[in-house]
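Inside the fold
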Amino acid sequence: MGRWRDGETTLRVEDGAPIPVEIAASYRARTRGLLGRDGLEGGGGLLLTPASSVHTLGMRFAIDVAYLDRRLRVLAVRTMPPGRLGRPRLRARHVLEAEAGAMAAWGLRPGVSLRLEPKP
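So, here's what we can say about the structure. (Residues numbered from 1 in each chain as written. Predicted model: local features only at pLDDT ≥ 70, side-chain atom pairs only at ≥ 80, totals over all residues. Heavy atoms only, no water.)

What follows deals with the overall build of the chain. Of the regular secondary structure elements, the chain holds two helices and seven strands. Each helix and strand of the chain, placed in order from N terminus to C terminus, yields the pattern β-β-α-β-β-β-β-α-β. Against the 2.2 N^0.38 benchmark of 14 Å for 120 residues, the chain shows a C-alpha radius of gyration of 13 Å, consistent with a compact globule. Principal axes of the C-alpha set define a box for the chain whose edges measure 35 × 30 × 25 Å. With 120 residues in all, the chain has 42% of them scored as buried. The long-range share in the chain, meaning contacts at least 24 apart out of those at least 6 apart in sequence, stands at 63%. A total of about 6,900 Å² of accessible surface is found on the chain, and carbon and sulfur atoms cover 48% of it. Taken as two groups, the 20 positive and 12 negative side-chain charges of the chain have centres that lie 9 Å from each other. (Helix = DSSP H or I, 4+ residues; strand = E, 2+ residues; numbered from the N terminus. Rg over C-alpha atoms; globule rule 2.2 N^0.38 Å. Buried < 20%, exposed > 50% of the residue type's maximum accessible area, 1.4 Å probe, protein only. Contact = heavy atoms within 4.5 Å. Areas by Shrake-Rupley, 256 points an atom, 1.4 Å probe, with all protein chains shown as cover. Lys, Arg positive; Asp, Glu negative; His and termini not counted. Charge placed at Lys NZ, Arg CZ, Asp CG, Glu CD.)

This is the structure:
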């Protein structure tokens, strides 16, 4: 993907089902993230780019966090309860956030490749 922009798209986990994703590429969108929300509608996620770490300070719910490299390959997956500060990942270029438990259901684990598709 060329220049990243805020908006909506679809994420596909290898040959899995499509997952709706919000892209947060601007400073403002990345800073706001999931703060102030009670959850994610539609069972989707939030892709922060560029990003190599996240926090859950002020969050209302636990989240799953996947650290992704430049090619959208999963480096690590963690579940973070509210009020935590995540450690940066050296090779991470993007961070995908979702409600706790979602990434296991999607089959996300280290080494899995993702791809973004235009939203239909």
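Under the criterion given, the structure shown has five salt bridges. For Asp-38, the salt bridge identified is with Arg-60, shortest N-O distance 2.9 Å. One end of the pair, Asp-38, is in the loop between α1 (27–32) and β3 (45–48); the other, Arg-60, is in the loop between β3 and β4 (63–68), with 22 residues separating them in the sequence. Both residues of the pair, Asp-38 and Arg-60, count as exposed. Salt bridges linked by common partners bring Arg-12, Arg-115 and Glu-117 together as one network. (Salt bridge = Lys/Arg side-chain N within 4 Å of Asp/Glu carboxyl O.)

As a further point, take the pairing of strand β2 (residues 18–24). Here strand β1 (residues 7–13) pairs with β2 via six bridges, running antiparallel. Its bridge partner being in β2, Glu-8 is matched across the sheet by Glu-22. Where β1 folds back onto β2 in an antiparallel hairpin, the turn is made up of four residues, including Glu-14, whose phi is positive at roughly 45°. Bridge count for β2 against β3 is four bridges, and the pairing is parallel. Looking across to β3, one finds that Ala-24 is bridged to Leu-48. (Pairing = 2+ DSSP bridges.)

Tracing the backbone shows Arg-12 in strand β1. Separated by 3.0 Å, the side chains of Arg-12 and Glu-117 make a polar contact. When neighbours within four sequence positions are excluded, Arg-12 is seen to be in contact with Ala-17, Pro-18, Ser-113, Leu-114, Arg-115 and Glu-117. (Polar contact = N/O pair within 3.5 Å; in protein donor to acceptor, adjacent residues only side chain to side chain.)

All chains considered together, the criterion is met by zero aromatic pairs. For the cation-ring pair, Arg-89 lies above Tyr-67, with the distance from its terminal atom to the ring centre recorded as 5.0 Å. (Phe/Tyr/Trp six-rings, centres within 6.5 Å; stacked < 30°, edge-to-face > 60°. Lys NZ or Arg CZ within 6 Å of the ring centre and 35° of its normal.)

Across soluble globular proteins, nonpolar side chains show a tendency to be buried alongside one another. By size, the foremost hydrophobic cluster in this structure holds 20 residues, and its most contacted members are Val-13, Leu-68, Leu-96, Met-103, Trp-106, Leu-108 and Leu-114. Contact partners of Leu-68, with chain neighbours within four places excluded, come to Leu-47, Arg-73, Val-74, Leu-75, Arg-91, Ala-92, Arg-93, His-94, Leu-96 and Leu-114. Within the second largest apolar cluster, 17 residues are counted, among which are Ala-29, Leu-46, Phe-61 and Tyr-67. (Core = buried A, V, L, I, M, F, W, Y, C linked by side-chain atoms within 4.5 Å.)

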